[in-house]
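# Notes for the structure review
Residue-level listing of the chains:
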Amino acid sequence: MDVDAYRAVHESDWQRLSVLVRRRRLDGTEADELVRLYQSTATDLSVLRTRAPDPVLISELSVLLARSRSKLTGSSDSSWRDVVRLFGVTIPAAFYRVRWWTVGVMVVFLAVAVTAGWWMATAPGAVEVMGTASQREDYVQNAFAAYYDPGTDFAVTVWTNNAWIAAQLVGLGITGVWPVFVLATNAVSVGAAGGLMASEGELDVFLALILPHGLMELTAVFVAGGAGLRLFWTAVAPGPRTRGRALAEEGRATMIVALGLVFVLGISGLVEGFVTGSDLAWWLKIVIGAVVLAAYWVYTLVLGGRAAAAGETGDLSAEEAGELAPTAG
């Protein structure tokens, strides 16, 4: 099925539903129209999930249906329960679902980074690829540390940059190639920087400035890479499910991972913006970074493990995914 053609035919209804959802008050005719459009959009989502699983479009329609359902029920308590469920069950379950992919990406990433750093620090003439002698000296003695300038602007810049990397890993994960390229490029970059610092006897400075925020920041990158690669592998080997259904389910769970990473990277950005370059003792900075990382894994393994044991996968419920539509009772 041609997704673009299907969207062109039905998008006006989706846009109209979105308009009705945003209105504070509806008259009788508009309320009836809202119910009708909710049901038709749920049908559209069901068709897309089975015949043309586009993770982005499926995610958009799922969110629209969730907002529409809240409008129909008119319950603020339900909205708060949805928020609590999202952060207490759905997001940790999605993180838990990709935990082994996260660990796998981490192991390979660190292996590449350490290899690149070792080569940079020990191979004759290797450091010359990093620039002239004066440029290398300025980087080691000034630029590397100067980069971590404490403040809100720096924290926002860091968050934006890391969110962009994570978005590429998740959004283009289904290609299989792009996540590997992005991860390899970043691994070599981190390793080369560490190797250059080590060659000048400043490895301790490198670790003191990288570890406070890097423990969580890099883990977030590993999570994004793992989620993207899992989506790719689902396309290759969907298992007992049809490929369309498998991609739809995995695509929704991957979008939940991406949503969770927005907050994880926000915390990492705060650490990098206000802790890494601060005047705190280096050991305290690293302890803060370690505590943040430990909190992530407790959140994932404890809440996520509990949710998984209860049958949660990080995917949307049948109603949220549009498999169920409201009916008159």
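Residues numbered from 1 in each chain as written. Predicted model: local features only at pLDDT ≥ 70, side-chain atom pairs only at ≥ 80, totals over all residues. Heavy atoms only, no water.

What follows deals with the overall build of the protein chain. When helices and strands are tallied, the protein chain shows 11 helices and zero strands. Order of helices (α) and strands (β) in the protein chain, N terminus to C terminus: α-α-α-α-α-α-α-α-α-α-α. A principal-axis box enclosing the C-alpha atoms of the protein chain has dimensions of 75 × 40 × 40 Å. Expressed as a percentage of its 329 residues, the buried residues of the protein chain come to 42%. Within the protein chain, residue pairs in contact and separated by at least 24 positions form 78% of the contacts whose partners lie at least 6 positions apart. Computed over 24 positive and 31 negative side-chain charges, the separation of the two mean positions in the protein chain equals 11 Å. (Helix = DSSP H or I, 4+ residues; strand = E, 2+ residues; numbered from the N terminus. Buried < 20%, exposed > 50% of the residue type's maximum accessible area, 1.4 Å probe, protein only. Contact = heavy atoms within 4.5 Å. Lys, Arg positive; Asp, Glu negative; His and termini not counted. Charge placed at Lys NZ, Arg CZ, Asp CG, Glu CD.)

This next bit is on the nonpolar core. The biggest cluster of nonpolar side chains holds 33 residues, and the ones touching the most others in it are Phe 95, Leu 169, Val 223, Val 257, Leu 261 and Val 264. Of all elements in the fold, only α4 (76–97), α5 (99–122), α7 (152–171), α8 (177–199), α9 (203–236), α10 (243–276) and α11 (282–309) reach the threshold of two or more residues within this core. If you tally residues by element for this core, the top one is α9, at nine residues. When neighbours within four sequence positions are excluded, Val 257 is seen to be in contact with Ala 94, Phe 95, Val 223 and Ala 227. Core analysis: the second largest hydrophobic core is formed by 19 residues, Leu 20, Leu 45, Val 47 and Ala 248 among them. (Core = buried A, V, L, I, M, F, W, Y, C linked by side-chain atoms within 4.5 Å.)

In this section: the environment of Met 255. Tracing the sequence through the fold places Met 255 in helix α10. The exposure class assigned to Met 255 is partly exposed, which follows from its relative accessible area of 22%. With 84 residues separating them in the primary sequence, Met 255 and Gly 171 have C-alpha atoms 8.5 Å apart. Apart from the residues within four sequence positions on either side, Met 255 is in contact with Pro 55, Ser 59 and Val 170.

Here we come to a nonpolar patch on the surface. A cluster of nonpolar side chains, namely Trp 80, Val 83, Phe 87, Trp 159, Leu 259, Val 262 and Phe 263, defines an oily patch on the protein surface of about 640 Å² accessible area. Among the secondary structure elements, those contributing two or more residues to the nonpolar patch are α4 and α10. Along the polypeptide, Trp 159 turns up in helix α7. With a relative accessible area of 31%, Trp 159 lands in the partly exposed category. (Patch = residues over 30% accessible without salt bridge, like charges linked within 9 Å, V, L, I, M, F, W, Y side chains within 5 Å. Areas by Shrake-Rupley, 256 points an atom, 1.4 Å probe, with all protein chains shown as cover. Salt bridge = Lys/Arg side-chain N within 4 Å of Asp/Glu carboxyl O.)

Counted according to the given criterion, the structure contains eight aromatic pairs. Judged by centre distance (6.4 Å) and plane angle (70°), the rings of Phe 95 and Tyr 299 are edge-to-face. On the criterion of sequence distance, the pair formed by Phe 95 in helix α4 and Tyr 299 in helix α11 is long-range, its members being 204 residues apart. For Phe 95, a relative accessible area of 1% corresponds to the buried category. An aromatic cluster is defined as three or more aromatic residues linked by ring pairs; in this entry it consists of Phe 95, Tyr 296, Trp 297 and Tyr 299. (Phe/Tyr/Trp six-rings, centres within 6.5 Å; stacked < 30°, edge-to-face > 60°.)

Attention shifts here to the packing of α9 against α10. Where α9 meets α10, the closest approach of the two axes is 9 Å, and the angle between their N-to-C directions is 170°. Between α9 and α10, the angle falls in the class roughly antiparallel. Across the contact of α9 with α10, the residue classes tally to 17 nonpolar, six polar and five charged. (Axes fitted to C-alpha atoms, helices over the stretch in contact; angles between N-to-C directions. Parallel < 35°, antiparallel > 145°, perpendicular 65-115°, else oblique. Nonpolar A, V, L, I, M, F, W, Y, C, P; charged D, E, K, R; others polar.)

Our next topic: the environment of Gly 191. Inspection of the secondary structure puts Gly 191 in helix α8. Separated by 91 residues in the primary sequence, Gly 191 and Trp 100 place their C-alpha atoms 23 Å from one another. In this view, Gly 191 contacts Ala 113, Ala 116 and Gly 117; residues no more than four positions away in its chain are not counted.

Time to look at α9. Taking 1.5 Å per residue, 34 residues should reach 50 Å; α9 reaches only 42 Å between its end C-alpha atoms and comes up short. Of all the bends in α9, the greatest, near 60°, is centred on Gly 214. (Expected span 1.5 Å × (residues − 1). Bend = angle between axes of the 7 residues up to and from the residue.)

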